[in-house]
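Below are the chains, spelled out letter by letter.
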Amino acid sequence: MATFNYTVDTKPMAEEISSVSRHVNVTTGAVVAMQAAVIIAEEKAANHVCNNVNKGFYSLIRSQISQKMAKLQSEVDAHLMQLVQQKNALMSIKGRMQKDYNMISGRYIKLFNGLNSNLKQRVFELDKPTIDFAIKEVDKVSNRTKYLTATIPIGQLESLAASQRIIASNVKFRGLNVIKSMRSFLFEMQAQKKLTDQILINDGRYAETATVYIPIVLCECNRDKTDAGFEISVPELELDNISKSAIKNTAFAELNQIEWQPKSNANADVKSEFSKLISSSVKSQRVKDMSMKLFQSNIYQSI
């Protein structure tokens, strides 16, 4: 069998492979540099995105908090204004109540002072002997040492005995006047007691239960922009203060259950009385005409 031997030169191939290896190394360096640049770019992009997301999130939260703060602030301002208005209304009511209290207290002080003086005078007239005894005689008895002062006897024994008898006679006379005054007082007290027993009814034989209809006036008025309420007037005659208070309290308790219905025309008696008041008024004719016009154009309501 024939044998063939060939000699192949691998130097060019080695050189080319060496050149390729150098290029591969350069490419590897470029890839590594690019990978590092990509990592840095991705890190920067990630940081940029995170910063923007965080900034947007915080901006959104801040915006929502600001909106809620503005809403709550507006509600607080509205409540504050309402509280201020209610405070002004309460201060107005307080001032008006103080004026009413001062007026009513002054009126009742004057009334009670007049009643006190009148009752004092009547009591003095009823128990005049006792009052005279307490005011006049007691002062004299208390000052008897001044009236019964004995003189220092400077003389004989006969003059001293006469002076003592005069003093004893004066004491007896004044004691007799006191006894007469007490007797007169007791006699008048007994007579007054008998007269009082005849007048007063101590038993319940004449007591009975009855129903009495009392007219009252319900008036709804507006004194100012913040005050509106009802006023209840009851007759001044035939009623004491306890009955008036009970009627007013009952009427106030029934206010919420009262239903008002419109009424076409006013009562003829009311028209007649209003016409009389207009005729007797001293106001000008223009005021009278306007009052009558308002009265005629008014819409009435009744229960």
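Since we're looking at a predicted model, the values are computed, not measured.

Visitor: With reference to specific residues and values, describe the overall build of the chain.
Guide: Summing up its helical and strand segments, the chain has seven helices and four strands in all. Counted from the first residue to the last, the chain has its helices and strands arranged as α-α-α-α-β-β-α-β-α-α-β. Here the chain, with 303 residues, has 6% of them falling under the buried criterion. Carbon and sulfur atoms make up 60% of the accessible area of the chain, which totals about 26900 Å².

Visitor: I'd love a proper account of a positive patch on the surface, names of residues and values included.
Guide: Residues Lys128, Lys136, Lys140 and Arg174 make up a contiguous surface patch of positive charge. The element that contributes the greatest number of residues to the positive patch is helix α2 (residues 128-142), accounting for three residues.

Visitor: I'd like a description of the packing of helix α6 (residues 268-280) against helix α7 (residues 285-297), backed by residues and values.
Guide: As a packed pair, α6 and α7 sit with axes 10 Å apart at the nearest point and diverge in direction by 165°. In terms of orientation, α6 and α7 fall into the roughly antiparallel class. The two elements α6 and α7 cross, and the hand of that crossing is right-handed. Between α6, through Val270, Lys271, Phe274, Ser275, Ile278 and Ser279, and α7, the contact on the second element is made entirely by Lys288, Ser291, Met292 and Phe295. The class makeup of the residues in the contact of α6 with α7 is five nonpolar, three polar and two charged.

Visitor: Residue-level account of the side chain of lysine 288, with values.
Guide: Relative to the helices and strands, lysine 288 resides in helix α7. One buried charged side chain, lysine 288, makes no salt bridge at all; its nearest oppositely charged neighbour is aspartate 289, positioned 8.3 Å away. Of note is the side chain of lysine 288, whose polar atom sits 3.0 Å from the backbone oxygen of serine 281. Residues contacting lysine 288, with those up to four places away along its chain left out, are Ile278, Ser279, Ser281 and Lys283.

Visitor: So, the packing of aromatic side chains: which residues are in play, and what are the values?
Guide: Here the structure, examined in full by the defined rule, presents three aromatic pairs. Relative to phenylalanine 112, the ring of tyrosine 108 lies with its centre 6.1 Å away and its plane at 25°, an arrangement referred to as stacked. One end of the pair, tyrosine 108, and the other, phenylalanine 112, are both in helix α1 (residues 11-126), four residues apart, so they sit about a helical turn from each other.

Visitor: Residues and numbers for the environment of leucine 277, please.
Guide: Within the element layout of this structure, leucine 277 appears in helix α6. Given a relative accessible area of 52%, leucine 277 falls into the exposed group. Distance from leucine 277 to lysine 288, taken between C-alpha atoms, is 9.7 Å for residues 11 residues apart in sequence.

Visitor: So what about the side chain of serine 181? Which residues, and what values?
Guide: As for its position among the elements, serine 181 is in helix α4 (residues 157-199). With relative accessibility at 18%, the residue serine 181 sits in the buried group. What serine 181 contacts, discounting residues up to four positions off in sequence, is Pro129 and Phe133.

Visitor: Hey, could you go over a nonpolar patch on the surface for me, with residue numbers and the actual values?
Guide: Taken together, the side chains of Met103, Ile104, Tyr108, Leu111, Phe112, Leu115 and Leu119 define a hydrophobic patch exposed on the protein surface, amounting to about 640 Å² of accessible area. Mapped onto the elements of the fold, leucine 119 is located in helix α1.

Visitor: Describe α1, with residues and values.
Guide: The terminal C-alpha atoms of α1, which comprises 116 residues, lie 164 Å apart, in line with the 172 Å expected from a rise of 1.5 Å per residue. Among the residues of α1, those classed as buried are Ser19, Ala89 and Arg96.

What counts and what doesn't
- Residues numbered from 1 in each chain as written.
- Predicted model: local features only at pLDDT ≥ 70, side-chain atom pairs only at ≥ 80, totals over all residues.
- Heavy atoms only, no water.
- Helix = DSSP H or I, 4+ residues; strand = E, 2+ residues; numbered from the N terminus.
- Buried < 20%, exposed > 50% of the residue type's maximum accessible area, 1.4 Å probe, protein only.
- Areas by Shrake-Rupley, 256 points an atom, 1.4 Å probe, with all protein chains shown as cover.
- Patch = residues over 30% accessible without salt bridge, like charges linked within 9 Å, V, L, I, M, F, W, Y side chains within 5 Å.
- Salt bridge = Lys/Arg side-chain N within 4 Å of Asp/Glu carboxyl O.
- Lys, Arg positive; Asp, Glu negative; His and termini not counted.
- Charge placed at Lys NZ, Arg CZ, Asp CG, Glu CD.
- Axes fitted to C-alpha atoms, helices over the stretch in contact; angles between N-to-C directions.
- Parallel < 35°, antiparallel > 145°, perpendicular 65-115°, else oblique.
- Left-handed = near helix turned anticlockwise from the far one by under 90°.
- Contact = heavy atoms within 4.5 Å.
- Nonpolar A, V, L, I, M, F, W, Y, C, P; charged D, E, K, R; others polar.
- Polar contact = N/O pair within 3.5 Å; in protein donor to acceptor, adjacent residues only side chain to side chain.
- Phe/Tyr/Trp six-rings, centres within 6.5 Å; stacked < 30°, edge-to-face > 60°.
- Expected span 1.5 Å × (residues − 1).

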